[in-house]
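As a plain string of letters, each chain reads:
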Amino acid sequence: MLAPDLSGGGGTRVYLLAEVLQKLNYDVKVVGCAFRQPLYPPPPSYLTVEWIPGSDYPQFIGAIWQLLQKIDGDIIYAVKPRPTSLGIAVLKKLQSRKPIILDIDDWEMSWFGGDNWRYYVKPKQLLRDIIKSDGVFRNPQYQWYLKWTHKLIKYADAITINTRFLSNKYGGTYLPHGKDTERFNPENFSPEKSREKYGMSDYKILMFPGTVRPHKGIEDILQAMDLLNREDLKLVLVGGRIIEDGYVNKLINKWQRWIIKLPQQSPEKMPEIVAAAHLIVVPQQLTKTSKAQFPIKLTDGMSMAKPILATKVGDIPEILGHTGYLVDPSSPEQLANKINWIFNHLEEAEKQGQKARERCIQAYSLDSMATILSQVLETVI
C-alpha cells in the first residue's frame, strides 16, 4: 500500500484499507514518505509501516528511488491520486507490470478552487519557482503536480471511491469508509469511566474526534454553544495536528470556556475515548472539499452507538440513513436548537445511536468492506 503522506493525515484511509486486506488474508505492507514528524495519525500496532523522510525536489528523486525498492507486493494499492502515491505506483507498474488499485477518498483539487486551477506562466516567476529553495515547484505535492497526476488515473487497473460525488467524477467501485465494529463496540467500554479518566465527568460532552479544519464547521458548533450558554456543555476535540496557520490555537484562544483538547491518540485508543461522548458532532460546511468527503467521524460515532448531529452536506444524510440528527450547514442557530433538544431528550437520542450502530454493522463494518474489496481484487489478480 502506498500512502501519499504518512504525516499529513494520509495514513487514515490507508490503515483502514490495510486492515480490510488483512481480514481477507492478504499480507500487507504500508510504505510512504513522511514530510514532517511525528507520523500522523500514528500507525496501528497490527500493521507493518515503512517510511522514509519526505523532502523537496531535487532530493525527493532519491526518496522515489527508495520507495520503489520497498514496493515488493503482487498488487500495488495507491491511496489518493497524488505524485507521492499514484505517481510512484505508475513508475513501479512500468518497471514490474504489477497491477494498481487506486483509492480516491478526496477531490484533491478542491483545496485549490477546483479543476480550473491554472499556473499562469511569467518567465521570471517560473524561474524563481523552479530554482529558489522556497519555489513552489520544489514541493512534490504542489497543485501543478497534483493536477498532472490526475492524467495517470487511466493507468489504474481498478478504482475504489467512497462518495457519490467521487463516483460521478472518477467512476470506480464504492467502498465506504467503515469501521472495525468489533473493536469499536460500546459493550466493551464504560462511558462514565472514560469520562472520569479524561477529566470530563462534570460535563455533557460533544465530541469531534479528528483533525480540525475550517470547512468542518467547528466554529458553527462553538457559536451554537455561545447561544446556549450552558455551563454543563463541553466540546472535546480529539487529536488532529495543529495546521500551519494555527487554526486550532485560534479556536482555543477565542472559545477556551467550551473546549477540551485531547492530544492525538493511537487507533487502538479511540473506542475508549469516543465512549466518553454524549454526542458526536459533524457540522460540515458546504464547500467543494466537503461535498466530496466521507467524514470518518460519522462511523466513529455510529459504531459506538452515539447520537450524531451533522449537517446536510454531501453523502452525510445517506450515510446516516435517518439514524442521526441533521441541520442545514453554517447554521449555529439550528445547531443550538438541536443540541438543546438532544440533551433534553437524551434517552430518545441514545436509542437513535443504537440504530446507528446497527446500520454501521450492516453497511460500514470491515466485513461489509471486505465483501466489496474482494470483488475488486478478483478483477486485478
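Residues numbered from 1 in each chain as written. Predicted model: local features only at pLDDT ≥ 70, side-chain atom pairs only at ≥ 80, totals over all residues. Heavy atoms only, no water.

Under an unreviewed UniProt entry, the protein has the name Glycosyl transferase, group 1 and belongs to Crocosphaera watsonii WH 0005.

Visitor: Quick rundown of the UniProt feature "domain: Glycosyltransferase subfamily 4-like N-terminal" (unreviewed entry) in the protein? Include the residues and the values.
Guide: In the UniProt entry, the feature "domain: Glycosyltransferase subfamily 4-like N-terminal" (unreviewed entry) is given for residues 8-166. Span residues 8-166 is 36% helix and 16% strand, its end C-alpha atoms 21 Å apart. (UniProt positions renumbered as here; feature names shortened; annotations may be inferred. Helix = DSSP H or I, 4+ residues; strand = E, 2+ residues; numbered from the N terminus.)

Visitor: Residues and numbers for the packing of aromatic side chains, please.
Guide: Evaluation of the coordinates by the stated rule reveals 13 aromatic pairs. On the numbers, 6.4 Å between centres and 85° between planes, the contact of Tyr119 with Tyr142 is edge-to-face. One end of the pair, Tyr119, is in the loop between β5 (100-104) and α4 (123-131); the other, Tyr142, is in the loop between α4 and α5 (143-149), and 23 residues separate them in sequence. In terms of burial, Tyr119 and Tyr142 fall into one category: buried. Considering the side-chain rings of Phe137 and Tyr142, the 5.2 Å spacing of their centres and the 75° angle between planes classify their relative orientation as edge-to-face. (Phe/Tyr/Trp six-rings, centres within 6.5 Å; stacked < 30°, edge-to-face > 60°. Buried < 20%, exposed > 50% of the residue type's maximum accessible area, 1.4 Å probe, protein only.)

Visitor: Explain the packing of helix α14 (residues 332-344) against helix α15 (residues 346-363) to me, and be specific about the residues and the numbers.
Guide: Viewed as axis vectors pointing N to C, α14 and α15 meet at an angle of 95°, and their least axial separation amounts to 5 Å. In terms of orientation, α14 lies roughly perpendicular with respect to α15. Residue-level contacts link Trp341, Ile342, Phe343 and Asn344 of α14 to Leu346, Glu348 and Ala349 of α15. (Axes fitted to C-alpha atoms, helices over the stretch in contact; angles between N-to-C directions. Parallel < 35°, antiparallel > 145°, perpendicular 65-115°, else oblique. Contact = heavy atoms within 4.5 Å.)

Visitor: Tell me about the domain arrangement of the protein, residues and numbers included.
Guide: One can read the domain layout of the protein as domain 1 (2-178 + 367-378) and domain 2 (186-364). Spacing between the C-alpha centres of domain 1 and domain 2 amounts to 28 Å. Contacts between domain 1 and domain 2 engage 27 residues on the former and 26 residues on the latter. The contact between domain 1 and domain 2 buries some 2,200 Å² in all, and 52% of this surface belongs to carbon and sulfur atoms. Ranking the residues of domain 1 by area buried against domain 2 places Tyr40, Trp111 and His177 at the top, with a combined share of 26%. (Domains from an automatic or database assignment. Buried area = accessible area lost by both parts, 1.4 Å probe.)

Visitor: Hey, could you go over the side chain of His150 for me, with residue numbers and the actual values?
Guide: Relative to the elements of secondary structure, His150 occurs in the loop between α5 and β6 (158-161). Classification of His150 as buried rests on a relative accessible area of 18%. Polar contacts involving the side chain of His150 include one to the main-chain carbonyl oxygen of Leu146, which spans 2.9 Å. Setting aside residues no more than four positions away along its own chain, His150 makes contact with Pro81, Glu108 and Tyr170. (Polar contact = N/O pair within 3.5 Å; in protein donor to acceptor, adjacent residues only side chain to side chain.)

Visitor: Go over the pairing of β6 with me, naming the residues and quoting the values.
Guide: Residues Ala158 and Thr160 line one face of β6 and the alternating positions Ile159 and Ile161 line the opposite face, and both faces are buried. In this sheet, β6 lies alongside β5 in parallel orientation, the contact comprising four bridges. Bridging across to β6, Ile101 finds its partner in Ala158. Looking at chain direction, β6 and strand β7 (residues 173-174) are connected through two bridges and run parallel. Bridge pairing in β7 links Ile161 to Tyr174. (Pairing = 2+ DSSP bridges.)

Visitor: How would you summarise the pattern of salt bridges if you had to cite specific residues and measurements?
Guide: Applying the stated criterion across every chain, the model contains 23 salt bridges. Here Lys29 ties to Asp72 by a salt bridge, and the two come within 3.3 Å at their closest N and O atoms. Note that Lys29 is positioned in strand β2 (residues 29-34) and Asp72 in the loop between α2 (60-70) and β4 (76-79), a separation of 43 residues in sequence. Looking at Lys29, the relative accessible area reads 21%, which means it is partly exposed. Of the residues examined, Asp72 reaches a relative accessible area of 59% and is grouped as exposed. For Lys70, the salt bridge identified is with Glu50, shortest N-O distance 3.4 Å. Of this pair, Lys70 sits in helix α2 while Glu50 sits in strand β3 (residues 48-53), and the two are 20 residues apart along the sequence. The exposure class of Lys70 is partly exposed, given its relative accessible area of 23%. (Salt bridge = Lys/Arg side-chain N within 4 Å of Asp/Glu carboxyl O.)

Visitor: Outline a nonpolar patch on the surface, listing residues and values.
Guide: A contiguous nonpolar patch, built from Leu127, Ile130 and Ile131 and spanning about 300 Å² of accessible area, is present on the exposed surface. Relative to the elements of secondary structure, Leu127 occurs in helix α4. The exposure class of Leu127 is exposed, given its relative accessible area of 51%. (Patch = residues over 30% accessible without salt bridge, like charges linked within 9 Å, V, L, I, M, F, W, Y side chains within 5 Å. Areas by Shrake-Rupley, 256 points an atom, 1.4 Å probe, with all protein chains shown as cover.)

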